[in-house]
Structures are given as C-alpha cells and as structure tokens.
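# Survey of secondary and tertiary structure
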Amino acid sequence: MGTLIRGGTVVTASDVSRADVLMENGVVAVLANGIAPGDHRVVDAEGCYLFPGGIDPHTHLDMPFGGTVTADDFRTGTIAAAFGGTTTIVDFALHQKGDTLSNSLRTWHRKAEGKAAIDYAFHMMIGDMRDEVMQEIPQIVEREGVSSFKLFMAYKNNLQVDDETLFRVLRMAARVGALVQVHAENGDVIEVLVKEALANGQTEPKYHALTRPPEAEGEATVRAIRLAEIAGAPLYVVHVTCAQAADAISDARKRGLPIYGETCPQYLVCDYTDYERPDFAGAKYVMSPPLRDKWHQGVLWNKLRNLELQVFGSDQCSFNLKGQKELGRHDFSRIPNGSPTIEDRMSILYHHGVHEGRIGLNKFVALTSTNAAKLFGLFPRKGAIAVGSDADIVVWDPKAQRTISAATHHMNVDNNIFEGFQVMGKPRHVFLRGEMIVDQDQFVGRPGMGQFQRCDPISPVQV
Ligand code: URP
Ligand code: ZN
Ligand code: ZN
C-alpha cells in the first residue's frame, strides 16, 4: 500500500501539469492522471500545487559562532524547515581550527543523528586551510560524500583566508570534483572601517552595515571569480546581497564561466533602514553581508527572474535577541551575525515572487529546490517529482494566508525578521520519502527520521 496524492498540479523546474502522484517505498512510483485509489491512502490536493520538497542549501544549525551557539539545533531547525516546505538541508559543518576535516565532520554527524526531522547533507566550512587540510579534500569528497567547501574572504583574524589559499583550494577542487563556495566580502577593508567606527564611538547596529559597504562585497566577488577562472574551477558565491556582486556573477556567466550565485529571503524584503529601528531592535538584522539600500532588491529580483542567480538559500543562523544579540549592545562588532530564516524561506519567495508576479512557478521550483540539488550532487534523487525520485513532496495551498510571527513560528528563537509580514501560500502537507511529516498545522514526523544524503562530486556546468 502506498500514498496517493490526488487532484493536484505538479510543478517542476520545467513543467506544470495536472497529475496524481503515487508514492511507494519512499519514492515516486507512478505519475499519471486518474490513478485508481486501490487500497492506497489517498490525500486530496485539489486546488494545490505539488512542489518538489524544498532544498535549503545554506543553514547553520547548532553552530558555535560569534562567541555563542546558534539557537536552533538539528531538531528545532529541521522541524521549522519542514513547516516551511523544506525537506532537505545542506548544513555547514564547521571545520574547527587545528582539527582534521574528517574529525570535524564526525562532530556534525553527531549533532544531526537522532535529531534531524528532514534529510540533510553537509558542506564543510573551513576553519584553517593548512596543507594537511587541503590534502584531505579528495577523501572527503570520495569517502564522506561531502563535495562543497566554503571559504571566507572576510572575518579577518578568524576565518578569513588569503588569495593564495583560495586559489590553491580552487585548483584542488577542480581536480577532485568539489565546489568551492565563497563568502565574498573584503575582510581587510572591513577591518579598517570597523576599527575606525568604534574609535569614533559609533557602536549601534547600523554601523555593522556602514562598515561593510556593497563595494567590499563586489570587489571580493570579482576577485574570487578571477581566481576561479585562472584555476579553471567552478565557483558558488553564497548570500549575494547587492548589484555589485550580482553583476559580477552575470558578467562571468556571459563569458561562459561556471559561476553560480545564491541569494536569500532577507535581502529581497528587508533593507538598511531595519538597522535604524530603535531600542537595539536593529540587532535582529545584523548578518553578513548586511542588508542593503532598497534599490538593490530590484536588481536581485531581476537576477532571480533571469536565473542569473540560480539558488535561494536561507542562511539560517538564529540568535536570540535576549542573551545572544545583546552581547553587542555596546559594540556592533560583537553582535552575533545571522538571523532565523529557515522556516519562511519558501513563503517569502512564493508570496513576493510568484503571488506578486515577479517570478513564475517553474522558477520558484528551480530556485528553492532543483538547482541546489543539481549543484550539490543530489539530483535527481532530490529536487524533482519524477518516477524513481525520493517522494519528497510539498502540497502547497496557494490560497492559504498567514502572518509570520515569532509568537507562532517553530524556530527556537525569540525573534523573526519577517515579523508581521502577511504571506499567501503555505504547505498543507509535507512528505519526506513518502511519509507525511506536516499535516496542516501539525508536525507528524519524528526527530531522527532525517537521513544523511551523500553529495556526488560536482560536474562544473549544471545550471
Ligand atoms: O551573518 C551570517 N551570514 N551568519 C552566518 C555565517 C555566514 O557568513 O554565512
Ligand atoms: Zn557567509
Ligand atoms: Zn551562512
């Protein structure tokens, strides 16, 4: 006996069609019109879209950062993700300075096992790229099923790497089928501006943004692209926020280079003025790179519409205002960077993108699921509704309305940067490998049912 989703409209990155979906043994078994119910469990999807389960390729769960640890772990973060329609995350396993990659990876497996309510894969976020660490990359790709590595061009004296290191990793990655991801901001310039601001007594949250100008992001993006070009490597630029960086990616792609870019919901609907909120409320929005002036949003929407930016990640990195963001009450540089976005990622893109007519349904699916699956070596097991693919399916009710609020969200954190936003569209049911995990407003899955997903090595031209 399987589960039959009847009467919905199946949307993939390329097609929209009326079809029933029979899920058996965790995968899509039949996709056709008018499948006989037989003794299957029948789920009515009349009036709903069926999307491939969302893939969020940018999360930081249970991660030590900024002198504290992110507020959501693999249990709370993945349950919240499920409520939003996400069935797979690719979390950043933090490589601890001085440690081997494989040992740091083991720590991340331990954090996820028994807790994750949805499937998960890992990127590795590099703490220090010593020679031994670089030599370990091939075996991490081949044996461990982790094929993407994030390097930082910012966070000086902490995670920042120099150009030589970045270039050498790019060359290694090209050789072994790995994808290098960069946090592209010029950390040296930012360091000077931050020191200057603090010396001038400029300590409020808004100075976080004013000391990290978009030109610093644009410069680092151009530099990373050039280094990738020389190395003959593909490159993925995480959390693109501004015209300067997005244009650099478009230019590179026009030249035929395998350069990919991701943006996130916060950069589409929040802006610099959020930092000026009174009573330290601007701290909720402190993330890196920072929110930009509003006009950048139009540029990002155009890039999403044309798939010049290919992926939509959350950059979920939640910190409570009380006790965590407060660490920087008298010094913006001590505010832990990041915001809770895992739950509302798909809603924000659906409402402001599809509902308000900025992007079409196929693009929505490409951005929230399929392109991440392709780029990170999960396709077609994930990111598709096709016979044989994992039956990760979101039954999305486009007419349901809700108001986003920290009072009702499922993340383990006391703030939501989309507080008060009214959005059309939300999951009615969410299925993970054929099992219902969200039924209306109830979580009906189990922490621990999420399975680790190995990522295949990358072939450079994917999307
Ligand atoms: O502010 C952010 N984005 N925090 C998470 C770490 C990162 O740089 O992605
Ligand atoms: Zn980053
Ligand atoms: Zn991040």
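## Examining the nonpolar core
Within the largest apolar cluster, 138 residues are counted, with the highest numbers of intra-cluster contacts made by I137, L166 and L235. In this structure, this core is formed jointly by two domains, domain 1 (3-51 + 384-443) and domain 2 (53-375), each of which donates at least three residues. Not counting the four nearest positions on each side in its chain, I137 is found in contact with L101, M129, F149, V169, M172 and V176. In this structure, A19, M23, V43 and C48 belong to the second largest nonpolar core, which totals 16 residues.

## As for the packing of helix 3 (residues 131-142) against helix 4 (residues 163-176)
Between helix 3 and helix 4, whose axes approach to 10 Å, the crossing angle comes to 20 degrees. In terms of axis orientation, helix 3 runs roughly parallel to helix 4. In this structure, helix 3 crosses over helix 4, and the sense of that crossing is right-handed. When helix 3 is examined against helix 4, the residues D131, M134, Q135, I137, P138 and V141 are found in contact with a partner set consisting of R168, V169, M172 and V176. Within the contact of helix 3 with helix 4, the residues separate by chemical class into seven nonpolar, one polar and two charged.

## Points about the site of ligand 1
Surveying the vicinity of ligand 1 reveals 14 residues, the closest of which are K150, H183, S288, D315 and N337. Here an oxygen atom of ligand 1 sits 3.2 Å away from a polar atom, N or O, in the side chain of H60. The contact in question runs from an oxygen atom of ligand 1 to an N or O atom on the backbone of S288, over 2.7 Å. For ligand 1, whose unbound accessible area comes to 270 Å², protein coverage reaches 100%. When atom positions are compared with the pocket grids, ligand 1 is found to occupy the largest cavity. Partitioned by chemical class, the residues of the shell around ligand 1 number five nonpolar, seven polar and two charged.

## What about the coordination of the zinc ion (ligand 2)?
Around the zinc ion (ligand 2), the protein contributes the donor atoms K150 (NZ), H183 (ND1) and H239 (NE2), at 2.1 to 2.3 Å from the metal centre. Sequence positions of the residues that donate to the zinc ion (ligand 2) give the spacing K-x32-H-x55-H. Separation of the zinc ion (ligand 2) from the zinc ion (ligand 3) amounts to 4.1 Å. Remark: H239 occurs in the loop between strand 15 (235-237) and helix 8 (243-254) and K150 occurs in strand 13 (residues 148-152); sequence separation between them is 89 residues.

## Quick notes on the coordination of the zinc ion (ligand 3)
The zinc ion (ligand 3) binds to the protein through H58 (NE2), H60 (NE2) and D315 (OD), with metal-donor distances spanning 2.0 to 2.1 Å. The coordination sphere of the zinc ion (ligand 3) comprises four donor atoms, whose angles at the metal cover 88 to 129 degrees; the geometry is tetrahedral. Counting along the primary sequence, the residues that act as donors to the zinc ion (ligand 3) give the motif H-x1-H-x254-D.

## Observations concerning the domain arrangement of the protein
Annotation of the protein at the domain level lists domain 1 (3-51 + 384-443) and domain 2 (53-375). Here the C-alpha centre of domain 2 lies 27 Å away from the C-alpha centre of domain 1. Each side of the interface is counted separately: domain 1 has 41 residues, and domain 2 has 48 residues. For the domain 1 and domain 2 pair, buried surface summed over both sides reaches about 3700 Å², with 65% attributable to carbon and sulfur atoms. Between D119 and R433 there is a salt bridge, with its nearest N and O atoms 2.7 Å apart.

## Remarks on the pattern of salt bridges
Scanning the entire structure with this criterion turns up 31 salt bridges. The partner of D271 in a salt bridge is K294, with the nearest N and O atoms 3.7 Å apart. Here the residue D271 occupies a position in the loop between helix 9 (265-269) and helix 10 (295-305), and K294 occupies one in the loop between helix 9 and helix 10, the gap between them amounting to 23 residues. Classification of D271 by relative accessible area gives buried; the value is 9%. Between R446 and E435 there is a salt bridge; the shortest N-O distance is 2.9 Å. Of the two residues, R446 sits in the segment after strand 21 (442-443) while E435 sits in strand 20 (residues 435-439), which places them eleven residues apart along the sequence. Put simply, D119, K382, D390, D392 and R433 are held in one network by salt bridges that share partners.

## Quick notes on the environment of V182
Summarising the element assignment, V182 is placed in strand 14 (residues 179-183). For the pair formed by V182 and F152, sequence separation is 30 residues and the distance between their alpha carbons is 5.8 Å. Discounting residues that sit within four places of it in the chain, V182 has contacts with L151, M153, L166, A224, L235, Y236, V237 and V238.

## What to know about the sheet that holds strand 6 (residues 41-44)
Strands sit in the order 5-4-1-6 across an open sheet of four strands; the sheet is mixed. Looking at strand neighbours, the two that pair on one side only are strand 5 (27-32) and strand 6, the edges of this open sheet. Averaged over all adjacent pairs, the angle separating strand axes in this sheet is 20 degrees, with direction ignored. Two elements, strand 4 (residues 20-24) and strand 5, share five bridges in a ladder whose sense is antiparallel. The partner of V21 across the bridge, within strand 5, is L31.

## A look at the sheet that holds strand 17 (residues 311-312)
Strand pairing in a sheet relies on backbone hydrogen bonds, with the paired strands running either antiparallel or parallel. Strand order in this open sheet of eight strands is 8-11-12-13-14-15-16-17, and the pairing throughout is parallel. The open sheet has two free edges, formed respectively by strand 8 (54-59) and strand 17, since each of these has just one partner strand. Across four bridges, strand 8 lies against strand 11 (residues 86-94) in parallel orientation. By the bridge assignment for strand 11, D56 is matched with I89. Helix 2 (residues 101-112) contacts strand 11, strand 12 (119-125) and strand 13 of the sheet and is inclined by roughly 150 degrees relative to strand 12.

## Let's talk about unusual backbone geometry
In this structure, the amide linkage connecting S288 to the following residue, P289, adopts the cis form with an omega of -10 degrees. Within the fold, P289 resides in the loop between helix 9 and helix 10. With an omega of 0 degrees, the peptide bond between F379 and P380 qualifies as cis. Among the structural elements, P380 can be located in the loop between helix 12 (361-375) and strand 18 (393-403). A positive phi is found at N157, a non-glycine position, where the angle reads about 65 degrees. Considering the arrangement of structural elements, one finds N157 in the loop between strand 13 and helix 4. We note that D315 has phi near 55 degrees; this positive angle belongs to a residue other than glycine. As for its placement among the helices and strands, D315 is situated in the loop between strand 17 and helix 11 (345-355).

Rules behind the numbers
Residues numbered from 1 in each chain as written. Chains lettered and ligands numbered in written order. Predicted model: local features only at pLDDT ≥ 70, side-chain atom pairs only at ≥ 80, totals over all residues. Heavy atoms only, no water. Core = buried A, V, L, I, M, F, W, Y, C linked by side-chain atoms within 4.5 Å. Buried < 20%, exposed > 50% of the residue type's maximum accessible area, 1.4 Å probe, protein only. Domains from an automatic or database assignment. Contact = heavy atoms within 4.5 Å. Axes fitted to C-alpha atoms, helices over the stretch in contact; angles between N-to-C directions. Helix = DSSP H or I, 4+ residues; strand = E, 2+ residues; numbered from the N terminus. Parallel < 35°, antiparallel > 145°, perpendicular 65-115°, else oblique. Left-handed = near helix turned anticlockwise from the far one by under 90°. Nonpolar A, V, L, I, M, F, W, Y, C, P; charged D, E, K, R; others polar. Near = heavy atom within 4 Å. Polar contact = N/O pair within 3.5 Å; in protein donor to acceptor, adjacent residues only side chain to side chain. Areas by Shrake-Rupley, 256 points an atom, 1.4 Å probe, with all protein chains shown as cover. 1 Å grid on protein atoms, 1.4 Å probe; cavity = no way out; pocket = protein on both sides within 12 Å on 5 of 7 lines; lining within 4 Å. Sits in = over half its atoms within 2 Å of the grid points. Donors = N, O, S within 2.8 Å, 3.2 Å for Na, K, Ca; no water. Tetrahedral: all angles 85-135°; square planar, octahedral: opposite > 155°, others 65-115°. Buried area = accessible area lost by both parts, 1.4 Å probe. Salt bridge = Lys/Arg side-chain N within 4 Å of Asp/Glu carboxyl O. Pairing = 2+ DSSP bridges.

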